[in-house]
Amino acid sequence: MPRSTLPPAQTLNADEARSWLVSHLGLASNRLPPGAEGTRALLKALRCIQLDPLDVIGTNADLVALARVDGLVRGDVYRHLMPGHAFEHWAKERCILPAYAFPYYREHTREAPWWNLATRLERLPPRVVDAVLEEVVTRGPISAAELTDHGAVKPLDWSGWKGTGKATSMALEVLWTRCQVVICGRGPGGKRYDIPERALPEVAGKPRASGPEVFDRWAVLERVEAAGMLSRAAGAHWSILSKVRTTALPDTLVREGLLEEVGLPGSPRRYLAPAGFRKRPITSPDARMRILGPLDPLLWDRGLVKLAFGFEYMWEVYKPADQRRWGWYVCPLLHRGQLVGRLEARVVEGVLRVDNVWREKGVKLDDAALDEALARHAKACGATGVRRPRARVG
């Protein structure tokens with residue numbers, strides 16, 4: 001059916017879009033309970049928390065949780081969610097997902113475009129995969145280092161980025177992609193693996209979600225809730241759903257009244273929003289300044305961030321140093337519903353050392369609010385103090 005049969009798109013101005021996104025994504029106030037209860041409620045509200053292995057002032061998952069839930073320290077997001085309440089898989093890239101999503105993933109092997117599960121299977125003797133699964137069944141939860149060594153395997157190479165050269169670890173990657181094992185925790189020894197029946201007992205026995213169409217419908221609706229406003233244009237915000245984006249499904253969900261189409265003045269792009277989103281209550285921003293992780297859901301769509309917030313953000317961690325405008329690991333600062341600056345910091349010898357603070361042009365950065373945010377973050381990182389320079393204009 002032609003797009004002309006779609007209901008007309010609603011138009012939001014930048015202020016409306018910004019208020020909706022900040023409130024919907026839980027950044028207007030810390031309204032969730034503190035500690036473990038709030039962390040579990042947060043994951044259900046956000047639908048997924050994107051992962052990244054870098055741990056400079058906490059991992060991205062730490063930063064997402066610390067910006068929204070009180071009573072947490074670095075690493076609590078993993079301790080409070082696993083095992084039992086969450087698992088890891090592909091969504092907006094690699095993510096922590098709520099346990100209720102597991103039946104959908106178990107039925108349909110999903111992977112990032114670059115993951116190359118088929119190549120892993122070609123390089124691994126089937127007996128190794130079976131042997132590793134049997135050992136996890138018998139000995140789990142267990143780390144890769146604790147499993148029997150099955151020798152070497154040709155690693156995958158992503159333009160110079162090498163994957164594992166250990167057959168045991170590659171077999172775990174295969175089993176994890178297929179949901180035959182799940183990551184049930186993280187610690188000093190790395191990821192720990194177990195079978196779903198032990199790690200996710202409340203959902204592992206539930207009927208599998210049958211048919212790819214069921215997964216696609218569910219996943220698109222989840223992604224729109226996770227983003228708040230999901231651009232219909234191609235981009236990393238679609239990730240494993242990139243092929244679904246160009247099918248008839250998004251239009252079908254709009255026609256069925258399960259999603260709404262939204263536009264912003266000055267942009268030809270259209271966005272998908274949850275049905276009835278305008279009727280949902282909007283929380284007014286509190287006075288707390290929040291340090292955002294580089295992969296916070298508010299920052300998934302950099303074009304939308306520019307339109308709604310007037311803020312240009314590029315995560316430059318993988319750029320050569322001489323090509324960076326800001327720095328290696330730079331986190332945006334959110335205050336009273338606006339992106340007001342950027343922070344580059346690290347924990348060194350028990351101190352949260354701030355290397356750089358930039359304020360946005362035309363914005364008065366609230367130094368008292370920033371000091372309070374840094375003090376909270378230092379405590380969460382186990383640091384005993386903060387060292388910071390004066391803010392400079394971006």
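This text gives an overview of the structure that appears in the document. The structure presented is a predicted model; accordingly, all values stated were derived computationally and were not measured.

Let's shift gears to the packing of helix α1 (residues 14-24) against helix α14 (residues 302-309). Where α1 meets α14, the closest approach of the two axes is 8 Å, and the angle between their N-to-C directions is 120°. Overall, the two elements α1 and α14 adopt an arrangement that is oblique. Contacts between α1 and α14 involve Ala14, Ala17, Arg18, Leu21 and Val22 from the former and Leu304, Leu307, Ala308 and Phe309 from the latter. The class makeup of the residues in the contact of α1 with α14 is eight nonpolar, no polar and one charged.

Turning our eyes to something else, we now look at unusual backbone geometry. The peptide bond linking methionine 82 to proline 83 adopts the cis configuration, its omega dihedral lying at -5°. The step from glycine 140 to proline 141 runs through a cis peptide bond, and the omega angle for that step is 0°. Residue position: proline 141 is located in the loop between α7 (126-139) and β5 (142-143). Positive phi is not limited to glycine here, since serine 239 has a value of about 50°. Within the secondary structure, serine 239 sits in the loop between β10 (230-231) and α12 (242-245). Although it is not a glycine, glutamate 349 sits at a positive phi angle of roughly 50°. Topologically, glutamate 349 is positioned in the loop between β15 (338-348) and β16 (351-359).

Direction vectors running N to C along α7 and helix α8 (residues 167-177) enclose 80°, while the axes themselves pass 9 Å from each other. The pairing of α7 with α8 is recorded here as roughly perpendicular in orientation. On α8, the residues that touch Val128, Val129, Val132, Leu133 and Val136 of α7 are Ala167, Thr168, Ala171, Leu172, Val174 and Leu175. By residue class, the composition of the contact of α7 with α8 is 10 nonpolar, one polar and no charged.

Turning to the sheet that holds strand β4 (residues 93-98), a few remarks are in order. Strand order across the open sheet formed by three strands is β2-β4-β3, with antiparallel pairing between neighbours. Because the sheet does not close on itself, it has two edges, and the strands there are β2 (49-50) and β3 (86-91). Relative to β4, β3 runs antiparallel, the two being bridged by six bridges. When the bridges of β4 are listed, alanine 86 appears paired with proline 98. Along the sheet face, helix α2 (residues 35-46) touches β2, β3 and β4 and points at about 120° away from the line of β4.

The rules behind the values
Residues numbered from 1 in each chain as written. Predicted model: local features only at pLDDT ≥ 70, side-chain atom pairs only at ≥ 80, totals over all residues. Heavy atoms only, no water. Axes fitted to C-alpha atoms, helices over the stretch in contact; angles between N-to-C directions. Helix = DSSP H or I, 4+ residues; strand = E, 2+ residues; numbered from the N terminus. Parallel < 35°, antiparallel > 145°, perpendicular 65-115°, else oblique. Contact = heavy atoms within 4.5 Å. Nonpolar A, V, L, I, M, F, W, Y, C, P; charged D, E, K, R; others polar. Pairing = 2+ DSSP bridges.

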